[in-house]
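Notes for the structure review
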Amino acid sequence: MHTQRLTAKTFKMHHQSTQASYTRGCISELSYQGQNPALLNMLLFPLLKQLGEQSRWQLWLTPAHKLSRHWLQQAGLPLEKSVQIASTERISSVSAMIKALRSGNFSVVIAWLPAGLSNSERHELEQAAIEGHTLGLIMREENTFDSPGGQENRLKIHSSLLH
């Protein structure tokens, strides 16, 4: 299984190795809090900008929020290659992500999926990403990063991209 949770320290190293991986398809999981926009600017944007150079689209499967065109423009992301589909139901979100990944029409599919995906859902997402040669990013907003077992592998990402 290639699903991963990333820390800020490992994201850059993972980004370099992922440059080859996302051409064959993979899934990564990013957890975020809204207090640190610098991490998003420094880590995620370069990857999305690079993917924006491909002829394929970028798909945002968002919760019940509208993606901010102003935010996309300021981030330097390609408006003409960005598509948003708002989804509020867990099953339809997972299903939509699988279909989008498998289609091969997108360089990246970014989706907000709930915690607790089953092993079969994770496997199906991974297989769909490989089949479509697409990078899948599962985004999760976390309320806290306090962990009784120590630091978990997570990347905080600012949530101002939605309004």
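Not measured: the values here are computed from a predicted model.

**As for the confidence of the model for the chain**
Note that predicted coordinates carrying low pLDDT should not be read in detail. Of the residues in the chain, 63% reach a pLDDT of 70 or more, and the chain-wide mean stands at 75. Mean pLDDT across the secondary structure elements of the chain bottoms out at helix H1 (residues 8-24), with 49, and peaks at helix H5 (residues 119-132), with 96. Segment residues 7-22 is flagged for pLDDT under 50; beyond a separation of four residues in sequence, or across chains, it makes 29 contacts in the model. Within the model, pLDDT remains below 50 along residues 145-160, and this stretch shows 49 contacts once partners closer than five positions in the same chain are excluded.

**A look at the pairing of strand S2 (residues 57-62)**
Within S2, 5 of the 6 residues are buried, leaving the element largely enclosed by the surrounding structure. The pairing of S2 with strand S3 (residues 82-86) spans 5 bridges and is classified as parallel. From the neighbouring strand, Thr62 faces S3, where its bridge partner is Ala86.

**Considerations on the pattern of salt bridges**
All chains considered together, the criterion is met by 2 salt bridges. Two residues, Glu29 and Arg122, come together in a salt bridge whose shortest N-O distance is 2.9 Å. Of this pair, Glu29 sits in strand S1 (residues 26-32) while Arg122 is found in helix H5, placing the two residues 93 residues apart along the sequence. Note on accessibility: Glu29 and Arg122 belong to one class, buried. Between Arg102 and Glu131 there is a salt bridge, with the nearest N and O atoms lying 2.9 Å from each other.

**Comments concerning H5**
With 14 residues, H5 extends 20 Å from end C-alpha to end C-alpha; this agrees with the ideal 20 Å at 1.5 Å per step. Looking only at H5, the buried set comprises Glu121, Arg122, Leu125, Glu126, Ala128, Ala129 and Gly132. The buried residues of H5 occupy an angular sector of 160° when the element is viewed end-on, so they sit on one face. Exposed and oriented more than 90 degrees from the buried face of H5 are Asn119 and Ser120.

**Concerning the environment of Lys81**
Position of Lys81 relative to the elements: it lies in the loop between helix H3 (69-75) and S3. Along the backbone, Lys81 and Ser55 are 26 residues apart, and their C-alpha atoms lie at a distance of 8.2 Å. Leaving out residues up to four positions away in the same chain, Lys81 has contacts with Gly52, Glu53, Gln54, Ser55, Arg56, Trp57 and Gln58.

**Side note on the sheet that holds S3**
The parallel open sheet is built from 5 strands, whose spatial order is S1-S5-S4-S2-S3. The open sheet has two edge strands, S1 and S3, and neither has a second partner. Direction aside, the axes of adjacent strands within the sheet are offset by 15° on average. As judged from the 5 bridges shared by strand S4 (residues 106-112) and strand S5 (residues 135-141), these two strands associate in the parallel manner.

Thresholds, definitions, all that
- Residues numbered from 1 in each chain as written.
- Predicted model: local features only at pLDDT ≥ 70, side-chain atom pairs only at ≥ 80, totals over all residues.
- Heavy atoms only, no water.
- pLDDT = per-residue confidence, 0-100.
- Helix = DSSP H or I, 4+ residues; strand = E, 2+ residues; numbered from the N terminus.
- Contact = heavy atoms within 4.5 Å.
- Buried < 20%, exposed > 50% of the residue type's maximum accessible area, 1.4 Å probe, protein only.
- Pairing = 2+ DSSP bridges.
- Salt bridge = Lys/Arg side-chain N within 4 Å of Asp/Glu carboxyl O.
- Expected span 1.5 Å × (residues − 1).
- Arc of directions from axis to C-beta.
- Axes fitted to C-alpha atoms, helices over the stretch in contact; angles between N-to-C directions.

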